[in-house]
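Below are the chains, spelled out letter by letter.
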Amino acid sequence: MEPIVIKGGNRLTGRLRVQGSKNATLPLLAAALLIDGVTTLTNCPDITDVSGMLKLLSQFGCRIVRCQHTVTIDARNVYYCEPDAGIAGAMRASSLLLAVSLARFHQAALPMPGGCTIGKRPLDGHMEALRQMGAHITAGERNVFAEASCLAGCVLEPMLQSVGITEQLILAAVCAKGVTTIKKCAREPEIFSLCQFLQAAGADILYLDDEIMICGGATLHDVCFEVPGDRIIAASYLCMGLSVGCDMTLYGIETNQLTWILSYAKKMQCHLEIEQEHVHIRADKQIEHIPYLETAVYPGFPTDLQSVVCAMLATADGTSVVVETIFENRLQAAKELGKFGADVRVDEENRSVTIVGRKHLNGAVVAAKELRGGVALILAGLRAEGETTVYGCEYIVRGHESIVEDLRSLGAQIAWMR
Ligand code: EPZ
């Protein structure tokens with residue numbers, strides 16, 4: 001894929017609608033296969049991970065119609081299949097088809113969604129919890145096989161407060177016999193939107209603070225649902241605005257999901273006007289360093305924002321320490337920042353990075369190795385003096401529909417090198 005070229009130094013000004021959320025859309029697509037009916041999703045982002053998931057659904061016989069940001073999935077005449085290993089193995093979200101295939105077809109066979117640069121990302125917690133619901137699962141190096149005549153509801157406390165495990169169990173529980181209670185569940189907004197979607201389709205779900213109760217067996221029917229705005233993309237664009245200076249409005253997002261970045265901007269005494277679904281920000285100050293920051297499950301500092309924040313802190317007024325507690329190998333982008341002249345020291349063992357703020361960065365030729373790291377390199381390019389070229393953009397388009405067009409519309413000098 002062609003690289004992105006950036007000439008740094010421009011402020012970001014104007015108004016931008018943030019796209020629909022990748023991490024909200026993917027579990028909704030898996031859930032659509034549970035429904036013996038038609039699912040319509042609006043505000044659905046046009047990104048490669050969504051295209052991949054739609055291809056997997058069509059292998060089960062779903063009829064897909066996609067018109068711009070509206071996708072309809074007809075799952076009335078579906079059949080069991082072992083989805084394509086090339087597609088399913090390349091994306092983590094395909095693991096959610098385990099519960100869905102079990103619930104709909106009483107069997108499932110999936111390629112182990114390979115580890116990626118950010119970590120091993122095993123499925124041990126998914127399998128442990130599904131076994132508690134009565135599934136018989138055998139997992140090889142490369143594949144997972146499962147069968148269950150009928151999943152049984154029960155009280156579950158997953159081994160981890162994991163987004164994927166919580167989503168997997170919600171999908172299993174809506175079709176299980178009896179009541180399932182998921183204790184100490186993940187609380188990311190994407191969990192809540194999955195519950196809202198299934199409730200709109202007829203599921204009986206009670207969403208408490210860190211506990212979800214599901215009465216299985218309800219008949220699921222046609223549903224039309226709007227995908228929420230992408231909170232990580234919105235927060236990433238706010239980090240870019242803080243870094244290069246901005247006078248911009250982002251809309252189409254739930255600002256109550258941007259707590260961390262908005263509280264940081266407030267601490268920097270930026271001008272902020274915050275409404276429920278849009279935020280106007282004016283910033284022209286040097287970035288404030290953060291003495292110590294660690295990633296955490298929601299509503300803590302999100303791991304998906306870690307690389308972007310490290311790039312933002314590269315020009316802070318002091319030294320910051322950032323610790324990645326969720327994934328074991330998510331400091332790749334921080335290492336790449338050194339090519340911009342940033343003073344970044346990575347301690348792999350402690351999963352921490354020390355960033356000594358510099359006044360200036362210089363343009364560089366860099367390569368993304370995963371989605372959020374790639375966005376961090378774009379932020380550094382926007383802030384750097386001179387020209388930056390970012391390779392590895394195939395990772396960035398997995399989650400970003402139009403990052404180049406978005407940033408150009410806000411005044412950045414950025415383009416695809418065609
Ligand atoms: C989701 O991944 C997101 N992906 C990730 O976003 C996000 O970083 C992550 O949640 C944490 O917020 C999607 O929603 C598609 P986890 P998920 O299960 O569900 C370990 C992005 O850039 N673990 O909460 O896979 C796991 O290895 C992506 O958009 C086990 O050990 O995350 C990780 O270290 C990256 N065993 C930690 O738990 C298991 O069975 C958290 O993973 C499951 C998870």
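Not measured: the values here are computed from a predicted model.

So, on to the overall build of the protein chain. Broken down by element type, the protein chain carries 14 helices and 23 strands. For 418 residues, the compact-globule formula gives about 22 Å, and the C-alpha radius of gyration of the protein chain, at 21 Å, lands near that figure. A principal-axis box enclosing the C-alpha atoms of the protein chain has dimensions of 65 × 45 × 40 Å. Taken over 418 residues, the protein chain has a buried fraction of 57%. For the protein chain, contacts bridging at least 24 residues in sequence account for 71% of all contacts bridging at least 6. Seen as two clouds, the 37 positive and the 46 negative side-chain charges of the protein chain have centres 3 Å apart.

With respect to the secondary-structure elements, His400 resides in the loop between α13 (393-396) and α14 (403-409). Given a relative accessible area of 2%, His400 falls into the buried group. Setting aside residues up to four positions removed in sequence, His400 forms contacts with Gln19, Ile47, Ile233, Tyr237, Leu371 and Val375.

Throughout the structure, instances matching the rule amount to 0 disulfides. Note on Cys239: no disulfide assigned, nearest cysteine sulfur contributed by Cys310 at a separation of 10 Å. Accessibility expressed as a relative area gives 0% for Cys239, which makes it buried.

An α-helical turn contains 3.6 residues, so a residue and the one three or four places further along point in the same direction. Among all positions in helix α9 (residues 259-267), only Trp260, Ile261, Leu262, Tyr264 and Ala265 are buried. Two residues or fewer after α9 comes Gln269, characterised by a positive phi angle close to 55°.

Moving on, we come to the packing of aromatic side chains. For the structure on display, the rule yields 6 aromatic pairs. Ring centres of Phe197 and Phe225 lie 5.6 Å apart, and the angle between their planes is 90°; on these two criteria the pair is classed as edge-to-face. Linking Phe197 in helix α7 (residues 189-200) with Phe225 in strand β13 (residues 223-226), this pair joins segments that are 28 residues apart in sequence. Judged by its relative accessible area of 12%, Phe225 is buried.

Here we come to the sheet that holds strand β10 (residues 179-183). With mixed pairing, the 4 strands of this open sheet are ordered in space as β9-β10-β12-β11. The open sheet is flanked by β9 (155-156) and β11 (204-207), the only strands paired with a single partner. As paired elements, β10 and strand β12 (residues 211-215) share 5 bridges and run antiparallel to each other. Paired with Ile182 across the two strands is Ile212, which belongs to β12. The sheet strands contacting α7 are β11 and β12, and the helix crosses β11 at an angle near 150°.

A few words on the sheet that holds strand β23 (residues 413-416). The strand order across the open sheet formed by 4 strands is β21-β22-β1-β23, and the pairing between neighbours is mixed. Bordering the open sheet on either side are β21 (365-367) and β23, each of which pairs with just one other strand. In this sheet, neighbouring strand axes are inclined to one another by 20° on average, regardless of whether the strands run parallel or antiparallel. Examined bridge by bridge, strand β1 (residues 4-7) and strand β22 (residues 387-391) share 4 bridges and lie antiparallel to one another. Residue Lys7 lies in a different strand from β22, and its bridge partner there is Glu387. Lying on the sheet, helix α12 (residues 371-383) is in contact with β1, β21, β22 and β23; it crosses β1 at an angle near 30°.

Procedures and definitions
Residues numbered from 1 in each chain as written. Predicted model: local features only at pLDDT ≥ 70, side-chain atom pairs only at ≥ 80, totals over all residues. Heavy atoms only, no water. Helix = DSSP H or I, 4+ residues; strand = E, 2+ residues; numbered from the N terminus. Rg over C-alpha atoms; globule rule 2.2 N^0.38 Å. Buried < 20%, exposed > 50% of the residue type's maximum accessible area, 1.4 Å probe, protein only. Contact = heavy atoms within 4.5 Å. Lys, Arg positive; Asp, Glu negative; His and termini not counted. Charge placed at Lys NZ, Arg CZ, Asp CG, Glu CD. Disulfide = S-S within 2.5 Å. Phe/Tyr/Trp six-rings, centres within 6.5 Å; stacked < 30°, edge-to-face > 60°. Pairing = 2+ DSSP bridges. Axes fitted to C-alpha atoms, helices over the stretch in contact; angles between N-to-C directions.

So, to be careful, I would describe these as geometric facts and stop short of saying anything about function.
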